[in-house]
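So the chains spell out like this:
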Amino acid sequence: MEAVVLKLLPLDPGDEGTQRCRLGPAALSLLGARIGAPLRISVPGGCCVCTAWPRHDLADGYLQADLSCSTAGLAARHLRGLSLSLGRLQLLPCGQLRAAAVRVVLKSAALKKSTPRALLQETITELLRNVYVLPRYVVTVAPSPENPVVYIEILSASPLNEGAGLITPQTSIKIKEVIPLEWYRHLSEDTAKTSVAGLDDVRKSLKEMIDLPFRFPKTFKRLGLSVPNGVLLIGPPGVGKTLMVKAVAKELGAYLFGISGPALHGSRPGEGEENLRRVFEKGREMANEGPTILFFDEIDSLCPKRGSSSNAPEDRIVAQLLTLLDGVGSEGKMVIVAATNRPDALDPALRRPGRFDREVIIGTPTVTQRRSILQLLTSDMPISAEVDLAKLAEMTTGYVGADLTALCREAAMQAVSHSSLDSAKTETMISMGDFQEAFKKIQPSSFRSAVGLTECKPVTWEQIGGLEDVKLKLKQVFRQARANTPAIIFLDEIDSILGSRAHCRTGHGVSERVLSVLLNELDGIGLKVTERRGGKLQLEAQCQEQSDGERKLEFQETLNKDFMVVAATNRPDMLDDALLRPGRLDKMIYIPPPDLKGRLSILKICTKKIPLDTDVSLQDVAALTDLFSGADIENLCKEAALLALQENGLEATAVKQEHFVKSLKTVKPSLNIKDLEFYEKFSNQELAS
């Protein structure tokens, strides 16, 4: 029987919906099947139950099958161009069913309300008459304007042992559940867990916000707790906001209705508001079937700040969305989730309590998170043993998930390109060199965004030569900072952006305004997000009505010690006195030029990777570099290496003492006695005061 191969052909139009499969007489004889006997046909996409019938032309070697009763998801496209062995066809024993329980799938949620139960029962009984079924199989109904039913899923049948059951007019059919088509498709989707690496803490936070109201809505109501109707995801582009929502929805079994903000806009006036109302109406219909998430992606494009005369259509959409958000029930059946990478562009009214009152920030992945993402991305890639994912994670500062995906894809393309050029290679492997080439084309996108935090590549104390006293002072400051704060804001060249108000002649310069903003931030750094949403006058009015104890308690609650500000400058005289007072930048550390011991230490660090000749005396070079800064010494070492290459070309193997001596004639110190005296004098004055 296994040797007989049947080629699958399209079904004749007259056999559609009849549950017939057409076979040649030889195949019917080998199966031992009488006309009308039930057969189970196994194909790569699933199985179906058909009744055996001869072909009209009696030709052997062909098979035509109607899929009106099959496993979920099996479609005619799965049979195109296939050939099956006769062993894939199984003759089933059969018997009449006394009872069956079914789930009915309707075209839309609106039909569920408008179709009477008695009429639906009559329709189902008629549609299933004389149909052979198996448990968990789905009967597909031919579409027609008067028929609201799309699918009938057989939940159970009795009596049923190993064979197929025939539904007759005497079979008692019980409708267990009636659901709309969209919800059925949601239930039929692949329930495999979506892989999201490096965002476990965000996933847990978002899951709790959405899951608890779904599971315990009555408990929330009884305890007087507000159900979070809206959650706002904030993060730079490509960090995984949309993927995170999809993963959480799949994990919770919730229906996810995704809407792109720009897709709601229409060409005629009022069309955008109408589309928005339809979205919420559909969400409510789905919420009647089970937990539902309305997800607005790129919501900043849908709801920008109101007030501009040219944004009248957008203003109406914002007003409509605010009204719809206020009308979302508190039963916890539907949660609104939105994502944006421009939170400051959103209308403030959206972020007040009762609307998008919960915010989850997804920052740029850290080095540990990047390593997890790379492990996930390369799990199915043929990477060589030399590829160090930990090193790649360190090299990808500022890369978000989308950047890392593009990096791995580009590395794979490089490997394929090299493999096509090398005919000796039998297997394509992605090497570390392929990733290095990919770095030239894929740049981090988060550096172009104002949202999210990026960490700098760590620098150890050992990489800084000399300055032992300064290191000790800095260590003490940062040890204190580490005990109170988890983050540091570093303002380099602070004199170039701030300056002093004494040097501003008009009193209204840009530097002065920037200075005023910074002074205010330093005095109230880390105010809570809820205060930022309110107006300043309103907050002050509220404080006037509070007692001294309440104001003190509120101040302690809102003041945040999560940040420490560190600034650097080589023009301390240009800074405003108000910036240097206690409570702001109140700790000053003077970093002097390296002494002899420090210069020797810097030389050792700078020449660590430079091959030196035996005649090189770093001690002598250090003695000749008085008034050289660390950058000057690094430049000196590079110049000496270049001289060695110029003299000996590619045959150069080491840098000699004479190269350092020659370099000293061209590389001059950037420091001078006059500047050093000024810095020391300024530092002593500050310490004395």
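Residues numbered from 1 in each chain as written. Predicted model: local features only at pLDDT ≥ 70, side-chain atom pairs only at ≥ 80, totals over all residues. Heavy atoms only, no water.

Student: Even after reading the chapter, I still don't get the nonpolar core, so can you show me in this structure?
Tutor: Nonpolar side chains tend to gather and get buried jointly when the protein is soluble and globular. Core analysis: the largest hydrophobic core is formed by 38 residues, its most contacted members being L276, F280, L294, F296, I299 and I336. Among the secondary structure elements, those contributing two or more residues to this core are α4 (181-188), β16 (230-234), β17 (255-260), α8 (271-287), β18 (292-297), α9 (299-302), α10 (312-326) and β19 (334-340). The greatest single-element share of this core, amounting to six residues, is contributed by α10. With near-sequence residues (within four places) excluded, F296 lies in contact with I259, L264, L276, V279, F280, L302, I336, V337, A338 and A339. Among the nonpolar cores identified, the runner-up in size contains 28 residues, and L92, Y132, Y137 and V139 belong to it. (Core = buried A, V, L, I, M, F, W, Y, C linked by side-chain atoms within 4.5 Å. Buried < 20%, exposed > 50% of the residue type's maximum accessible area, 1.4 Å probe, protein only. Helix = DSSP H or I, 4+ residues; strand = E, 2+ residues; numbered from the N terminus. Contact = heavy atoms within 4.5 Å.)

Student: Even after reading the chapter, I still don't get helix α14 (residues 432-439), so can you show me in this structure?
Tutor: For the α-helix, the turn length of 3.6 residues means that residues three or four positions removed from each other point alike. Buried within α14 are the following residues: M432, D434, F435, A438 and F439. Projected onto a plane normal to the axis of α14, the buried residues spread over an arc of 155° and lie on a single side. (Arc of directions from axis to C-beta.)

Student: In this structure, what is going on with the sheet that holds β18? I would like to understand it.
Tutor: Pairing between the strands of a sheet is mediated by backbone hydrogen bonds and can be parallel or antiparallel. Taken together, the five strands give an open sheet; going across it, the order is β17-β18-β19-β16-β20, and neighbouring strands pair in parallel fashion. The open sheet is flanked by β17 and β20 (358-361), the only strands paired with a single partner. Each neighbouring strand pair of the sheet contributes to a mean axis angle of 20°, computed without reference to strand direction. Pairing of β16 with β20 involves four bridges; the strand directions are parallel. Looking across to β20, one finds that I234 is bridged to I361. Together, β16, β18, β19 and β20 form the strand contacts of helix α5 (residues 200-215), whose direction differs from that of β20 by roughly 155°. (Pairing = 2+ DSSP bridges. Axes fitted to C-alpha atoms, helices over the stretch in contact; angles between N-to-C directions.)

Student: Sorry, what's going on with the pattern of salt bridges here?
Tutor: Pairing between side chains of opposite charge can happen when the charged atoms of each approach one another. Taken as a whole, this structure holds 20 salt bridges when the rule is applied. With a shortest N-O distance of 2.7 Å, R203 and E251 are connected by a salt bridge. One end of the pair, R203, is in helix α5; the other, E251, is in helix α7 (residues 241-252), with 48 residues separating them in the sequence. The class for R203 is buried, based on a relative accessible area of 9%. Owing to a relative accessible area of 34%, E251 belongs among the partly exposed residues under this scheme. Residues joined by salt bridges that share partners form a network here, namely R103, R136, E153 and E177. (Salt bridge = Lys/Arg side-chain N within 4 Å of Asp/Glu carboxyl O.)

Student: Got a minute to help me understand unusual backbone geometry in this structure?
Tutor: A negative phi angle characterises most non-glycine residues, just as the trans form characterises most peptide bonds. With an omega of -10°, the peptide bond between S158 and P159 qualifies as cis. Mapped onto the fold, P159 is located in the loop between β13 (149-158) and β14 (164-167). A positive phi angle is found at E493, which is not glycine, with a value near 50°. Structurally, E493 is set in the loop between β21 (487-491) and α16 (494-497). Take E493: its relative accessible area is 39%, and that puts it in the partly exposed class.

Student: I'm lost on the packing of aromatic side chains in this one. Help?
Tutor: Centre distance and the angle of the planes are the two values used to describe a pair of aromatic rings. Taken as a whole and judged by the stated rule, the model has seven aromatic pairs. A centroid spacing of 5.5 Å and a plane angle of 55° characterise the contact between F678 and Y679, whose relative ring orientation is tilted. Members of the aromatic cluster, each reached through a chain of ring pairs, are Y590, F678, Y679 and F682. The positively charged end of R20 is found above the aromatic ring belonging to W53, 3.9 Å away from the centroid. (Phe/Tyr/Trp six-rings, centres within 6.5 Å; stacked < 30°, edge-to-face > 60°. Lys NZ or Arg CZ within 6 Å of the ring centre and 35° of its normal.)

Student: Which parts of the structure should I look at to understand the environment of A339?
Tutor: Assignment of secondary structure puts A339 in strand β19. Looking at A339, the relative accessible area reads 1%, which means it is buried. Separated by 107 residues in sequence, A339 and L232 place their C-alpha atoms 5.8 Å apart. The contact partners of A339, leaving out residues within four places of it in the chain, are L233, K241, F295, F296, D297, E298 and I299.

Student: How should the side chain of T625 be read in this particular structure?
Tutor: Topologically, T625 is positioned in the loop between α22 (618-623) and α23 (630-648). Under the relative-accessibility criterion, T625 is labelled buried at 0%. Here the side chain of T625 touches V621 through a polar contact of 3.2 Å, landing on its backbone oxygen. Here T625 is in contact with R599, L636 and L664, once residues within four sequence places are set aside. (Polar contact = N/O pair within 3.5 Å; in protein donor to acceptor, adjacent residues only side chain to side chain.)

Student: How should the sheet that holds β14 be read in this particular structure?
Tutor: A sheet is described by the order of its strands in space; here three strands give the open sequence β9-β14-β11, paired in mixed fashion. Edge strands, defined here as strands with exactly one partner in the open sheet, are β9 (94-96) and β11 (131-133). Going across the sheet, the axis of each strand differs from the next one's by a mean of 35°, ignoring polarity. Judged from the three bridges that link them, β9 and β14 form a sheet pairing that is parallel. Residue pairing across strands places Q96 opposite L166, the latter belonging to β14.

Student: Hey, could you run me through the pairing of β14 in this one?
Tutor: Sheet faces and side chains relate simply in a regular strand, where the side chains alternate between the two faces. Neither face of β14 is exposed, since A164 and L166 on one face and G165 and I167 on the opposite face are all buried. By the bridge criterion, three bridges tie β11 to β14 in an arrangement that is antiparallel. Bridge pairing in β14 links V131 to I167.

Student: Explanation requested: the side chain of E153 in the structure shown.
Tutor: Within the secondary structure, E153 sits in strand β13. The class of E153 is buried, set by a relative accessible area of 7%. A distance of 3.1 Å separates the side chain of E153 from the side chain of R136, its partner in a polar contact. Apart from residues no more than four positions distant in its own chain, E153 is found in contact with A101, V102, R103, R136, Y137, V138 and Y184.

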